[in-house]
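# Working through the structure, step by step
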Amino acid sequence: MGSSVSHAATLPPPPPPPPAVGLTGVLPPKTEEKGETKVDWLNLPCPVPFEEIQREALMSLKPELFEGLRFDFTKGLNQKFSLSHSVFMGSMEVPSQSSDTIKVPTAHYEFGANFLDPKLMLVGRVLTDGRLNARVKCDLTDNLTLKINAQLTNEPHFSQGMFNFDYKGKDYRSQFQVGNNAFYGANYIQSVSPHLSLGSEVFWLGHQRKSGIGFAARYNTDKMVATGQVASTGIVALSYVQKVSEKVSLASDFMYNHMTRDVTSSFGYDYILRQCRLRGKIDSTGCVAAYLEERLNMGVNFILSAEIDHRKKDYKFGFGMTVGE
Amino acid sequence: MASRVSSKGKGKAGRGPDDGSTARCVKDWSTWAMKKAKVVAHYGFIPLIIVIGMNSEPKPHLSQLVSPV
């Protein structure tokens, strides 16, 4: 009697399901694939802002090259507020009409204050000669943003300011700009497919009675970005960036100016490594440039900048240090 | 329509300073206001950022503003 009860109590547990055989256990189920290839035309992603349409190419091909010594110190007082002190000693290039480059030795100290909030961003920089660079970005509502950019100087008639109103829609962005010298501009960019976005801009310069219109297109996938821009001022600009791996990007850029019959094309690379970021480029004008930011320690960066222009015989080398985030 | 336009034109030529004075006043005042706004922004922008920053949470101490550490 006792033995039969104990037998019933100790029934073996049901056998586990047989393990998946071969590849059926490894591959995801087939229904997911169908969802990926079908495009949801009513839910396209929001495109990048019109002025940032070439941002990957600009980040890789146009680092802030300088000549001389640069030292930046950023001190954070709390999460949102920080002060910055910056010293620069070296030559700055003055734009000249002739083909010679005119370099003016300058030295200045720049004091800056930044306030960064999710809804409000205030950045101000003031130089020893009294020039002020101000940037304000304010989210008026969820979709409407006001941006102000100003360079104020002590000399009369040299100050510049620009007000931008940005509206972000579901799959489009539009912007309206008002600037000094009676400058009015507007642009609009729309996603037409998950990878392609098209945009256009118009502007009107009051003081010189000039107006212009331009069109832009951007095609991007995870691995590459291709953009093209045409403007009625006679400028055609194309760019292509390929992300070869997580750490390496290659970029190329082509610009044609119909008024001055100027053609420039450049090719560059961007290595983002753990301890450093190295960007280099070569131009069709025979100019070779490189920019290295090396992380020496937490928050301490060492910067080297070099630009060699064989045709104009202009050699610029700079070094500097950045302390703070 | 044409007569109204022509009389307006004649009127403007006849009474120039009076008729255009409101438009010129507005333009003069707006230029004066822009000049004052530019001076205010030039001197007051950085102090404004510092005041807003010193009043944000967590409140930093005044000595942190000047010390290099």
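Here is what the cut-offs are and how they apply
Residues numbered from 1 in each chain as written. Chains lettered and ligands numbered in written order. Predicted model: local features only at pLDDT ≥ 70, side-chain atom pairs only at ≥ 80, totals over all residues. Heavy atoms only, no water. Salt bridge = Lys/Arg side-chain N within 4 Å of Asp/Glu carboxyl O. Buried < 20%, exposed > 50% of the residue type's maximum accessible area, 1.4 Å probe, protein only. Patch = residues over 30% accessible without salt bridge, like charges linked within 9 Å, V, L, I, M, F, W, Y side chains within 5 Å. Areas by Shrake-Rupley, 256 points an atom, 1.4 Å probe, with all protein chains shown as cover. Helix = DSSP H or I, 4+ residues; strand = E, 2+ residues; numbered from the N terminus. Contact = heavy atoms within 4.5 Å. Buried area = accessible area lost by both parts, 1.4 Å probe. Polar contact = N/O pair within 3.5 Å; in protein donor to acceptor, adjacent residues only side chain to side chain. Nonpolar A, V, L, I, M, F, W, Y, C, P; charged D, E, K, R; others polar. Expected span 1.5 Å × (residues − 1). Bend = angle between axes of the 7 residues up to and from the residue. Pairing = 2+ DSSP bridges. Lys, Arg positive; Asp, Glu negative; His and termini not counted. pLDDT = per-residue confidence, 0-100. Phe/Tyr/Trp six-rings, centres within 6.5 Å; stacked < 30°, edge-to-face > 60°.

## Considering the pattern of salt bridges
Residues and elements named next belong to chain A. Evaluation of the coordinates by the stated rule reveals 15 salt bridges over all chains. The salt bridge involving D129 is made with R131; its shortest N-O contact spans 3.3 Å. Of the residues examined, R131 reaches a relative accessible area of 40% and is grouped as partly exposed. Several salt bridges share partner residues, and in doing so they unite E52, R55, E56 and R218 into one network.

## What about a nonpolar patch on the surface?
Residues A:L140, A:F163, A:F165, A:F176, A:Y184 and A:W204 make up a contiguous nonpolar surface patch of roughly 570 Å² in combined accessible area. Turning to its location among the elements, A:F165 is positioned in strand 7 (residues 160-168).

## Let's talk about the interface of chain A and chain B
Often, the extent of an interface is quoted as the loss of accessible area upon association of its parts. With 24 residues of chain A at the interface, the matching set in chain B holds 19 residues. Between chain A and chain B lies a buried interface of about 1,800 Å² when both sides are counted; carbon and sulfur atoms form 74% of it. In this structure, the connection of chain A to chain B is made through 0 salt bridges. Linking chain A to chain B there are 6 residue pairs in polar contact (both at pLDDT 80 or more). Counting only elements with at least two residues in the side of chain A that touches chain B, the list comes to strand 1 (68-76), strand 2 (81-94), strand 3 (102-116), strand 4 (120-127) and strand 5 (132-139) of chain A. Among the elements that make up the side of chain A that touches chain B, the one with the highest residue count is strand 4 of chain A (5 residues). Across the side of chain A that touches chain B, the residue classes tally to 14 nonpolar, 7 polar and 3 charged.

## Concerning helix 3 (residues 21-54) of chain B
Along its 34 residues, helix 3 of chain B runs 47 Å from first to last C-alpha, staying within 8% of the 50 Å computed at 1.5 Å per residue. By the largest-angle criterion, B:G44 marks the main kink of helix 3 of chain B, which is about 50°, and a proline, B:P47, follows within four residues. Regarding helix 3 of chain B, the residues found buried are B:H42, B:F45, B:I46, B:I49, B:I50, B:G53 and B:M54. Looking at the buried residues of helix 3 of chain B, the elements they touch are strand 2, strand 3, strand 4, strand 5 and strand 6 (144-152) of chain A together with helix 4 (63-66) of chain B.

## As for the side chain of B:H42
Along the chain, the position of B:H42 falls in helix 3. The residues touching B:H42, leaving out its near neighbours within four places in the chain, are A:G130, A:L132, A:L152, A:T153 and A:N154.

## Some words on the pairing of strand 4 of chain A
Residues and elements named next belong to chain A. As paired elements, strand 3 and strand 4 share 7 bridges and run antiparallel to each other. When the sheet's bridge partners are listed, G112 is paired in strand 4 with R125. Between strand 3 and strand 4, which pair antiparallel one after the other, the connecting turn spans 3 residues. By the bridge criterion, 7 bridges tie strand 4 to strand 5 in an arrangement that is antiparallel. Its bridge partner being in strand 5, G124 is matched across the sheet by A134. In textbook terms, the turn of a hairpin is the stretch between consecutive antiparallel strands, and for strand 4 and strand 5 this stretch comprises 4 residues, one of which, G130, has a positive phi near 95°.

## Remarks on the pairing of strand 8 (residues 172-179) of chain A
Looking along a regular strand, one sees side chains alternate from face to face of the sheet. Residue and element names in this part refer to chain A. Pairing of strand 7 with strand 8, which is carried by 7 bridges, proceeds in the antiparallel orientation. When the sheet's bridge partners are listed, M162 is paired in strand 8 with G179. Between strand 7 and the antiparallel strand that follows it, strand 8, lie 3 residues. Bridging between strand 8 and strand 9 (residues 183-191) involves 8 bridges; their strand directions are antiparallel. Directly across from S174, in strand 9, lies its bridge partner Y188.

## Considering the side chain of A:D171
All names here are of chain A. Within the secondary structure, D171 sits in the loop between strand 7 and strand 8. For the buried D171, no salt bridge is present, and the opposite-charge side chain at shortest range is K170, 6.1 Å distant. In terms of polar contacts, D171 uses its side chain to reach the side chain of Q190, at 3.2 Å. Contact partners of D171, with chain neighbours within four places excluded, come to L44, P45, C46, P47, I189, Q190 and S191.

## Remarks on unusual backbone geometry
A cis geometry characterises the amide bond from B:E57 onward to B:P58, with omega recorded as -10°. Within the secondary structure, B:P58 is located in the loop between helix 3 and helix 4. One non-glycine residue with positive phi stands out, namely A:A182, at about 50°. Phi angles above zero are rare outside glycine, and A:R209 is one such case at about 50°. Note on A:R209: relative accessible area 64%, which makes it exposed.

## A few points about the confidence of the model for chain A
Residues and elements named next belong to chain A. Taken residue by residue, chain A gives an average pLDDT of 88. The fraction at 70 or more is 88%. Across residues 1-9, confidence stays below pLDDT 50; counting only partners more than four residues off in sequence or on other chains, it has 0 contacts. Note on residues 31-35: pLDDT is under 50 here. Beyond four places in sequence and across chains, it has 0 contacts.

## Points about the confidence of the model for chain B
Residues and elements named next belong to chain B. For chain B, mean pLDDT is 77; residues scoring 70 or higher make up 72% of the total. Averaged pLDDT values over the elements of chain B bottom out at 48 in helix 1 (residues 2-14) and peak at 90 in helix 3. Confidence over residues 5-14 falls short of pLDDT 50; this stretch has 1 contact with residues more than four positions distant or in other chains.

## Points about the packing of aromatic side chains
Residues and elements named next belong to chain A. Applying the stated rule across the entire model yields 5 aromatic pairs over all chains. A ring pair is formed by Y184 and W204, whose centres lie 6.4 Å apart and whose planes are at 20°; its orientation type is stacked. With Y184 in strand 9 and W204 in strand 10 (residues 196-205), this residue pair connects regions lying 20 residues apart in the sequence. Since its relative accessible area comes to 38%, Y184 is described here as partly exposed. Judged by relative accessible area, which is 38%, W204 ranks as partly exposed. With a centroid separation of 5.1 Å and 45° between ring planes, the pair formed by Y269 and Y271 is classed as tilted. Judged by its relative accessible area of 33%, Y271 is partly exposed.

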